[in-house]
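Letter by letter, the chains look like this.
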Amino acid sequence: MANIGEWSEVYAFFKLLADGRLYCGDGHLNRYDDKYYPILEIFRNDAPDRNAYEVKAAKKAILVAGETIHIEIPQKTFRIEAANLLDKIKTIGAGEYEETLKFMKKIKCGPVKAKSSDKADIRIVIHNLATGSKPELGYSIKSKLGGDSTLINSNKDASNFIFQIEGINDSQMRQINSLDKFKQKFDYIKKVGGKWRFSKISGETLRNNLTMLDLGMPRIIAACMEKYYTGQGSDIASICKKVTQDDPLHINSSEGQPMYEYKLKQFLLAFALGMTVSSPWYGDFNANGGYIVVKEDGDVICYHFFDRNDLEGYLFNNTKFDTPSTTRHEFGEVYKVMDSYFIKLNLQIRFIK
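Keep in mind it's a predicted model, so treat the numbers as computed, not measured.

Draft legend 1. View of the overall build of the chain. Across its full length, the chain carries ten helices and 16 strands. Oriented by its inertia axes, the alpha-carbon framework of the chain measures out at about 75 × 50 × 35 Å. Across the chain, the fraction of contacts at a sequence separation of at least 24, relative to all contacts at a separation of at least 6, is 68%. Accessible surface computed for the chain: about 16,600 Å², of which carbon and sulfur atoms make up 47%. Side chains of the chain carry 49 positive and 45 negative charges; the gap between the two charge centres is 2 Å.

This is the structure in structure tokens:
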């Protein structure tokens, strides 16, 4: 059974072929009606024997071509299929949509969840009218039709940040661990005169990946997570303001340069286009085209990697810190090593609905 996110990828595929254009968006999910790239071809994966879906703008048709297929389908058919699929997603949610599956079989576009060797969910050949180039680019698709999708997935072995707690004893440790909410835990530590400070990231891979971006990035993200888990906010933009005020790296400029905002945008961009918490990152952007977003109303907009200001603005203004399962990811309780006390906080970032 396919979930809403997977069906959203199929919907985006249909909608883009129906429109024949890849519309751009600003940092707040608004579409630029006069800023778009004509679509020449779409591929649902990066396999060498994949089928191509070519936009024949003059004929208002889509040529489906591959080893076992060569047919033309009117663009209006894709428009109808997209509208029907959107209605099913909104009214039914996850499921098996027989009519859509029948159409997919007819055009041989493969399973609902397309396979890929990188972070790209779809590959598109666009016509860049400004340069005349016609690159094939990979795009990651995010949907706002279902639950909040994740940008950074938690991992118990890789994404725990360890903080050392000073000024408490065993009895107070047990009291902290009896509290349910993180804000309660940190309020109690403060009440009894305790303090905490960032120690290290539990996973060496994530530590190295963040250091690739900036030597101070682990401390910046730790400072953001501290703000979140102590109850001072959740969305990236508001957390950034608080961290900027504290200036943990002592880098704020007298000219008012947005030091922490810039660095957090680079952090979000890296995870959006290639980085993960558990695999070594070498600076490559796999979804080299950018992000495609399916909005609640069914509109589909794109944030291109080469329009980085809009892409970074979208990521910065539409993401938040989130708390994964404490039991599954083994964090949130104070523990003792020798005579020192520690607590793990887990990194997870979601898109804002």
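There's more to say after this.
Draft legend 2. Geometry of the layout of surface pockets. Size it by volume and the second largest pocket reaches roughly 210 Å³. Taken together, F163, R197, F198, R219, A222, A223, E226, K227, V243, D246 and P248 form the lining of the second largest pocket. If you tally residues by element for the lining of the second largest pocket, the top one is helix α7 (residues 217-229), at five residues. Looking at side-chain class alone, the lining of the second largest pocket contains six nonpolar, no polar and five charged residues.

Draft legend 3. The arrangement of empty space enclosed by the protein in detail. The full count for this structure, using the stated rule, is one cavity of 30 Å³ or more. When the residues that make up the lining of the largest cavity are grouped by side-chain class, the tally is three nonpolar, three polar and four charged.

Draft legend 4. Quick look at the packing of aromatic side chains. Within the structure shown, the criterion is met by 21 aromatic pairs. Between the aromatic rings of Y23 and Y36, the centroid separation amounts to 5.5 Å while the plane-to-plane angle is 55°, which identifies the pairing as tilted. Note that Y23 is positioned in strand β1 (residues 21-25) and Y36 in strand β2 (residues 31-43), a separation of 13 residues in sequence. The buried category is assigned to Y23, whose relative accessible area is 12%.

Draft legend 5. Spatial organisation of the packing of helix α1 (residues 4-19) against helix α2 (residues 75-91). Packing of α1 against α2 leaves a shortest axis separation of 8 Å and a crossing angle of 155°. With respect to each other, α1 and α2 are oriented roughly antiparallel. In the crossing of α1 with α2, the sense of the turn from one axis to the other is left-handed. Between α1 and α2, the contacting residues are I4, W7, S8, V10, Y11, F14, K15, L17, A18 and D19 on the first element and Q75, F78, R79, E81, A82, L85, L86 and I89 on the second. Classifying every residue of the contact of α1 with α2 by side-chain character gives twelve nonpolar, two polar and four charged.

Draft legend 6. Expanded view of the sheet that holds strand β9 (residues 160-166). Read from one edge to the other, the open sheet built from four strands follows the order β10-β9-β15-β14, with strand pairing classed as antiparallel. The sheet terminates laterally at β10 (195-201) and β14 (335-337), the two strands that pair on one side only. The average undirected angle you get between the axes of adjacent strands in this sheet is 40°. Bridging between β9 and β10 involves six bridges; their strand directions are antiparallel. Considered in β10, the bridge of F163 is made with F198. On the sheet, helix α5 (residues 182-191) packs against β9, β10 and β15 (340-346) and is oriented at approximately 125° with respect to β10.

Draft legend 7. Representation of the pairing of strand β4 (residues 61-66) within the structure. Here strand β3 (residues 52-56) runs beside β4; their pairing, made up of five bridges, is antiparallel. In the sheet register, E54 faces β4, and the bridge partner there is L63. In sequence, β3 turns back onto β4 through a hairpin of four residues, with K60 there showing a positive phi of about 55°. Where β4 meets strand β5 (residues 69-74), six bridges bridge the pair, whose relative direction is antiparallel.

Draft legend 8. Structural context of the pattern of salt bridges. Going through the model one piece at a time under the given rule, you end up with 19 salt bridges. For the salt bridge of R31 with D33, the shortest nitrogen-to-oxygen distance reads 2.9 Å. Residue classification places D33 among the exposed positions, given a relative accessible area of 51%. For K183, the salt bridge identified is with D187, shortest N-O distance 2.8 Å. Of this pair, K183 and D187 both sit in helix α5, four residues apart, roughly one helical turn. Residue class for K183 comes out partly exposed when judged on its relative accessible area of 41%. Judged by relative accessible area, D187 falls into the partly exposed class, the value being 35%. Salt bridges sharing partners connect three or more residues here, namely R31, D33 and D299.

About the cut-offs
- Residues numbered from 1 in each chain as written.
- Predicted model: local features only at pLDDT ≥ 70, side-chain atom pairs only at ≥ 80, totals over all residues.
- Heavy atoms only, no water.
- Helix = DSSP H or I, 4+ residues; strand = E, 2+ residues; numbered from the N terminus.
- Contact = heavy atoms within 4.5 Å.
- Areas by Shrake-Rupley, 256 points an atom, 1.4 Å probe, with all protein chains shown as cover.
- Lys, Arg positive; Asp, Glu negative; His and termini not counted.
- Charge placed at Lys NZ, Arg CZ, Asp CG, Glu CD.
- 1 Å grid on protein atoms, 1.4 Å probe; cavity = no way out; pocket = protein on both sides within 12 Å on 5 of 7 lines; lining within 4 Å.
- Points joined across faces, edges and corners; volume = space filled by probe spheres on them.
- Nonpolar A, V, L, I, M, F, W, Y, C, P; charged D, E, K, R; others polar.
- Phe/Tyr/Trp six-rings, centres within 6.5 Å; stacked < 30°, edge-to-face > 60°.
- Buried < 20%, exposed > 50% of the residue type's maximum accessible area, 1.4 Å probe, protein only.
- Axes fitted to C-alpha atoms, helices over the stretch in contact; angles between N-to-C directions.
- Parallel < 35°, antiparallel > 145°, perpendicular 65-115°, else oblique.
- Left-handed = near helix turned anticlockwise from the far one by under 90°.
- Pairing = 2+ DSSP bridges.
- Salt bridge = Lys/Arg side-chain N within 4 Å of Asp/Glu carboxyl O.

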